[in-house]
Amino acid sequence: MIDEKKYYETFNQAIKEERKAEIESTISEIKNISGKKREEKGRAILNLDGRISGYEIGGFTVIKYGRKKYIDTNISVGDEVLISKGDPLKSDYLATVTNIGNRYIEVVVAGGVPYWALKNIRLDLYFNDVTYSRMKDALKRFRNNSEYFQNLKNILLEKEKPTINNLECQIDFFDDRLNKFQKEAVKKSIKENDLFLLYGPPGTGKTRTITEIILQEAKLGKKILATAESNVATDNLVEYLTKIPHNFKIIRIGHPARVSERIKDMLIYNAVKNKQSYINAQKMREEMNELIETRNKYKKPNPSLRRGMSDDQIKKHARNKKSFRGINPKKMKSMAKWIKYNEMIDELYMNIKDLEEFALDSVIEESDIIITTNATAGSDFLEDKNFDVSIIDEGSQSMEPSSLISVTKSKKFIMSGDHNQLPPTILSDKAKDVLSKTLFQRMINKYPENSYMLKIQYRMNEQIMEIPNKFFYGNELIADDSVKNHTIKDLINIDDYDDILDPNKTVVFLNTSASDKKEEEQKFGSKSRRNIFESDVIVEILEKFKKRNFDLENIGIISPYFDQIELIEEKIKNKFNLVPEISTVDGFQGREKEVIIISNVRSNENSDIGFLEDYRRLNVSITRSKRKLIIIGDSETLKENVYYKNLIEHLKEKDLFIDITWG
């Protein structure tokens, strides 16, 4: 049993610490790195001029920034950016990126645009404070004794056990191609009254199964809130739901800039367009714009013209046609006109806002399934809204307070995840122990009887699958016939393979222990690591693939260290026309590639492997590959860790271990 007060205080403090760590990290970089250097790192864009290029529903303004110099950046669509002129840390003007081209970037801001924000501007990648605020609100809701949520609250505090209904469960599946394990998971989820955990190892079709569960719950007349931690995962859920025939009303709530183009038609902003209240609001908006044009013909009573006068005093002096404090009657009359029209504009604006909110609210009430991110589930759209069921996809990537945002709005919650993969990234050392253990992990440990494991995987060749199956999944995974024996030979018709590219060896470990160049290194001032020898080995492997006309876009390169990623990118950028995708383990979670090359980096006399100690990092790296997995590392350093030791021994037994000195 968990003490409620302690639960609240522990998570509340952890959120404060994590927010503080993220702010400090962002500010420290902006403060200590020049704008030019930050731009080189891809986290800022300098010397931009802008213009207002349009407006979006909800009171958003679109600004298009551009410059003659080519824009090469890591800032992407959906990111929060800080708009500044001069010192970024003196600005609090935030925007969301909607579009990026070679020489322009479009952003969306709430409300109007100040004049200074259109000339010689700098954009910086920034942190988003909204999520922290909504997590804190969720914790406050958790503490409130809401009768609606009370039963779930007791389960979360481990005071009561979840219950099951004994109704006969005859299900007509919307997706009749589900396998037997997926169907069984759906049946079990429907029978649970309070809590169901869908345990989905890599490639087993978690999201497809969750999609069926959503539809089955909706068929029972339940109002559904379905969420995921990221916009990408949320949009993925929407796409799955649109592929299956059904008659339910679905809306996606989210910032237009952060939603995939493919599912923009599902956005709530598009759904309101046919509502009469919204149509009326747009007519009023046209009227308001005309009034703004008229108002702007008159003198705005700014402080230098007001000279301490209130609006009523200005109007009074205008009626009396008198000068006051050096302001002649003509100017006074012009200011009075400006005030009159501004009052009309303010009234119209409030009416427009009310009508648009009414339209949005009616769309939410009419919808059967509402889909959004965990954070947006705490937005004004869904304030004071309750649901029969909240369903969280990829729940093992969400901090517990993030999951609470939607869970505290429901009577029953369903969550998919895999606690053998990486938890959310936590920056604060003080908050790590609290926030890195997810609600999914806690619940599946406490209530394993309320979970069900999917077992047929549709990604990995059986030889690749054998590794995670043996070490992490209790040998319960089964490779589907469609992937069981697939290899890179299916993609390239050529026979001159060496040991590394041999299609019959879908996994190889390239051992660098015998090389005198194997050691890792650390750049001055960096906490990261890199390994030049391993980067050279990767270049040679890519040359082998290229020589055989293998499409390099089918290759993913994973390393746990940012400095190694930068080094590899540097080496291959000018060597190949098509550059493979290169990312951290965390960045590749939820992704897959035909071929995965892993650079472990760590090679030292102390057998220190840093955060490679976390077995989940190894599991995620291995399970991204479909047809070929190439692991590069120093076995002498790595084998001091039990998981790497077992991996190395397993691959040696299978004759998949190759000593290398070249590179």
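The structure displayed is predicted, hence computed values, not measured ones.

K.L.:
Tell me about the overall build of the chain, and name the residues and values.
P.N.:
The helix and strand inventory of the chain stands at 23 helices and 21 strands. Taken over the C-alpha trace, the chain has a radius of gyration of 29 Å; the compact-globule value for 663 residues is 26 Å, and the two agree within 12%. Each of the three principal axes of the chain carries a C-alpha extent, and together these read 100 × 65 × 50 Å. Every one of the 663 residues in the chain was classed for burial, and the buried ones make up 54%. Long-range pairs, those at least 24 residues apart, make up 74% of the contacts in the chain between residues at least 6 apart in sequence. Of the roughly 31200 Å² of accessible surface on the chain, 45% is carried by carbon and sulfur atoms.

K.L.:
Could you give me a rundown of the UniProt feature "domain: DNA2/NAM7 helicase-like C-terminal" (unreviewed entry) in the chain, with the residues and numbers involved?
P.N.:
Taken from the UniProt record, the annotation "domain: DNA2/NAM7 helicase-like C-terminal" (unreviewed entry) applies to residues 435-635. Each end of residues 435-635 is marked by a C-alpha atom, and these two atoms are 32 Å apart; helix forms 32% of the span and strand 17%.

K.L.:
I'd like a description of helix H7 (residues 231-243), backed by residues and values.
P.N.:
If you check H7, its first and last C-alpha atoms are 19 Å apart, about what 13 residues at 1.5 Å a residue would give, namely 18 Å. Those residues of H7 not exposed but buried are Ala 233, Thr 234, Asp 235, Leu 237, Val 238, Glu 239 and Leu 241. In the core, the buried residues of H7 are packed alongside helix H6 (206-219), strand S8 (224-228), strand S9 (250-252), strand S10 (369-373) and strand S11 (387-393).

K.L.:
An account of the sheet that holds strand S16 (residues 507-511) is requested, with residue identities and associated values reported.
P.N.:
Each strand in a sheet pairs with another by means of backbone hydrogen bonds, the pair being arranged parallel or else antiparallel. Strand order in the open sheet formed by six strands is S18-S17-S19-S20-S16-S21, with parallel pairing between adjacent strands. At either end of the open sheet lies a strand with only one pairing partner, and these are strand S18 (581-583) and strand S21 (657-659). Recorded for the sheet is a direction-independent mean angle of 20 degrees between the axes of neighbouring strands. Pairing analysis gives three bridges linking S16 to S21, with the strands arranged parallel. What sits directly across from Asn 511, in S21, is Asp 659. The strands that helix H19 (residues 562-573) touches are strand S17 (555-558), S18 and strand S19 (593-599); relative to S18, the one it contacts most, it runs at about 160 degrees.

K.L.:
Tell me about the side chain of Asn 604, and name the residues and values.
P.N.:
As for its position among the elements, Asn 604 is in the loop between S19 and helix H21 (615-622). With a relative accessible area of 16%, Asn 604 lands in the buried category. Within polar-contact distance, the side chain of Asn 604 engages the backbone nitrogen of Asn 606 at 3.2 Å. Engagement of the side chain of Asn 604 in a polar contact is seen with the backbone nitrogen of Asp 608, the distance being 2.8 Å. Beyond its immediate chain neighbours, meaning those up to four positions away, Asn 604 contacts Glu 519, Glu 520, Asp 634 and Thr 637.

K.L.:
So, the sheet that holds strand S7 (residues 195-199): which residues are in play, and what are the values?
P.N.:
Strand order in the open sheet formed by seven strands is S9-S10-S8-S11-S12-S7-S13, with parallel pairing between adjacent strands. A single partner strand is all that each edge strand has here, and the edge strands are S9 and strand S13 (451-453). For this sheet, the mean angle separating the axes of adjacent strands, direction not counted, is 15 degrees. Contacts from H7 reach S8, S9, S10 and S11 within the one sheet, and its direction differs from that of S10 by about 155 degrees. On the sheet, helix H15 (residues 439-446) packs against S7, strand S12 (410-417) and S13 and is oriented at approximately 105 degrees with respect to S7.

K.L.:
Got a sec to walk through the packing of aromatic side chains? Specific residues and values, please.
P.N.:
Considering all chains together, one arrives at 17 aromatic pairs under this definition. Three or more aromatic residues joined by ring pairs form one cluster here, namely Tyr 7, Phe 11, Phe 142 and Phe 149. The ring of Tyr 341 carries Lys 340 above its face, with NZ or CZ at 5.6 Å from the centroid. When the ring centre of Phe 611 is taken as reference, the NZ or CZ atom of Arg 617 above it lies at 4.3 Å.

K.L.:
So what's going on with the nonpolar core? Residues and values would help.
P.N.:
Leu 156, Ile 268, Leu 382 and Phe 413 are the most contacted members of the largest nonpolar core, which totals 87 residues. Once you skip the residues sitting within four places of it in the chain, Phe 413 turns out to touch Leu 152, Leu 156, Asp 194, Leu 195, Phe 196, Ser 390, Val 407, Leu 439 and Met 443. Phe 181, Leu 198, Ile 263 and Ile 369 belong to the second-largest nonpolar core, a separate cluster that totals 31 residues.

K.L.:
Describe a negative patch on the surface, and please don't skip the residues or the numbers.
P.N.:
Taken together, Asp 137, Asp 354, Glu 357, Asp 380, Glu 383 and Asp 384 make up a surface patch of like negative charges. Mapped onto the elements, Asp 380 comes out in the loop between S10 and S11.

K.L.:
Let's hear about the pairing of S19: which residues, and what values?
P.N.:
Within S19, seven of the seven residues are buried, leaving the element largely enclosed by the surrounding structure. Note: S17 against S19, four bridges, orientation parallel. Bridge pairing in S19 places Gly 556 opposite Ile 596. Where S19 meets strand S20 (residues 625-633), six bridges bridge the pair, whose relative direction is parallel. The residue bridging Ile 597 from the neighbouring strand is Ile 630, located in S20.

K.L.:
I'd like a rundown of the pattern of salt bridges, residues and numbers included.
P.N.:
The full count for this structure, using the stated rule, is 48 salt bridges. Put simply, Glu 366 and Lys 275 hold a salt bridge, and the shortest N to O gap is 2.6 Å. With a gap of 91 residues between them, Glu 366 in helix H12 (residues 329-366) and Lys 275 in the loop between helix H8 (268-271) and helix H9 (276-295) connect regions that are remote in the sequence. A residue is classified by how much of its surface remains accessible, and Glu 366, at 37% relative accessible area, is partly exposed. Lys 275 sits in the buried class, given a relative accessible area of 19%. Each of Arg 459, Asp 490, Glu 592, Glu 594, Lys 626 and Arg 627 takes part in a single network of salt bridges with overlapping partners.

K.L.:
Mind laying out the side chain of Ser 362, listing which residues take part and the relevant values?
P.N.:
On the secondary structure map, Ser 362 appears in helix H12. In this structure Ser 362 comes out as buried when scored by relative accessible area, which is 17%.

K.L.:
Pulling in residues and values, what's your account of empty space enclosed by the protein?
P.N.:
Considering all chains together, one arrives at two cavities of 30 Å³ or more under this definition. Its volume calculated, the largest cavity comes out at about 50 Å³. Forming the boundary of the largest cavity are Ile 558, Pro 560, Val 585, Ile 598, Asn 600, Leu 612, Arg 617, Leu 618, Ser 621 and Tyr 644. Take the lining of the largest cavity: its biggest share by element is three residues, from H21. Lining the second largest cavity are Ser 396, His 419, Gln 421, Leu 422, Pro 423, Thr 438, Gln 441 and Arg 616. Looking at side-chain class alone, the lining of the second largest cavity contains two nonpolar, five polar and one charged residues.

K.L.:
Explain the packing of H6 against H7 to me, using residue names and the numbers behind them.
P.N.:
Where H6 contacts H7, the two axes come as close as 9 Å, and the packing angle between them is 65 degrees. Considering how the two elements wind past one another, H6 and H7 form a crossing that is right-handed. Across from Thr 207, Arg 208, Ile 210, Thr 211, Ile 214 and Leu 215 in H6, the residues of H7 making contact are Asn 236, Leu 237, Tyr 240 and Leu 241.

K.L.:
Can you explain the environment of Gly 378? Please cite residues and give values.
P.N.:
Relative to the helices and strands, Gly 378 is located in the loop between S10 and S11. Accessibility expressed as a relative area gives 23% for Gly 378, which makes it partly exposed. C-alpha of Gly 378 to C-alpha of Asp 137: the two residues are 241 residues apart in sequence and 7.9 Å apart in space. Aside from chain neighbours lying at most four places away, what touches Gly 378 is Arg 134 and Ile 405.

What counts as what
- Residues numbered from 1 in each chain as written.
- Predicted model: local features only at pLDDT ≥ 70, side-chain atom pairs only at ≥ 80, totals over all residues.
- Heavy atoms only, no water.
- Helix = DSSP H or I, 4+ residues; strand = E, 2+ residues; numbered from the N terminus.
- Rg over C-alpha atoms; globule rule 2.2 N^0.38 Å.
- Buried < 20%, exposed > 50% of the residue type's maximum accessible area, 1.4 Å probe, protein only.
- Contact = heavy atoms within 4.5 Å.
- Areas by Shrake-Rupley, 256 points an atom, 1.4 Å probe, with all protein chains shown as cover.
- UniProt positions renumbered as here; feature names shortened; annotations may be inferred.
- Expected span 1.5 Å × (residues − 1).
- Pairing = 2+ DSSP bridges.
- Axes fitted to C-alpha atoms, helices over the stretch in contact; angles between N-to-C directions.
- Polar contact = N/O pair within 3.5 Å; in protein donor to acceptor, adjacent residues only side chain to side chain.
- Phe/Tyr/Trp six-rings, centres within 6.5 Å; stacked < 30°, edge-to-face > 60°.
- Lys NZ or Arg CZ within 6 Å of the ring centre and 35° of its normal.
- Core = buried A, V, L, I, M, F, W, Y, C linked by side-chain atoms within 4.5 Å.
- Patch = residues over 30% accessible without salt bridge, like charges linked within 9 Å, V, L, I, M, F, W, Y side chains within 5 Å.
- Salt bridge = Lys/Arg side-chain N within 4 Å of Asp/Glu carboxyl O.
- Lys, Arg positive; Asp, Glu negative; His and termini not counted.
- Charge placed at Lys NZ, Arg CZ, Asp CG, Glu CD.
- 1 Å grid on protein atoms, 1.4 Å probe; cavity = no way out; pocket = protein on both sides within 12 Å on 5 of 7 lines; lining within 4 Å.
- Points joined across faces, edges and corners; volume = space filled by probe spheres on them.
- Nonpolar A, V, L, I, M, F, W, Y, C, P; charged D, E, K, R; others polar.
- Left-handed = near helix turned anticlockwise from the far one by under 90°.

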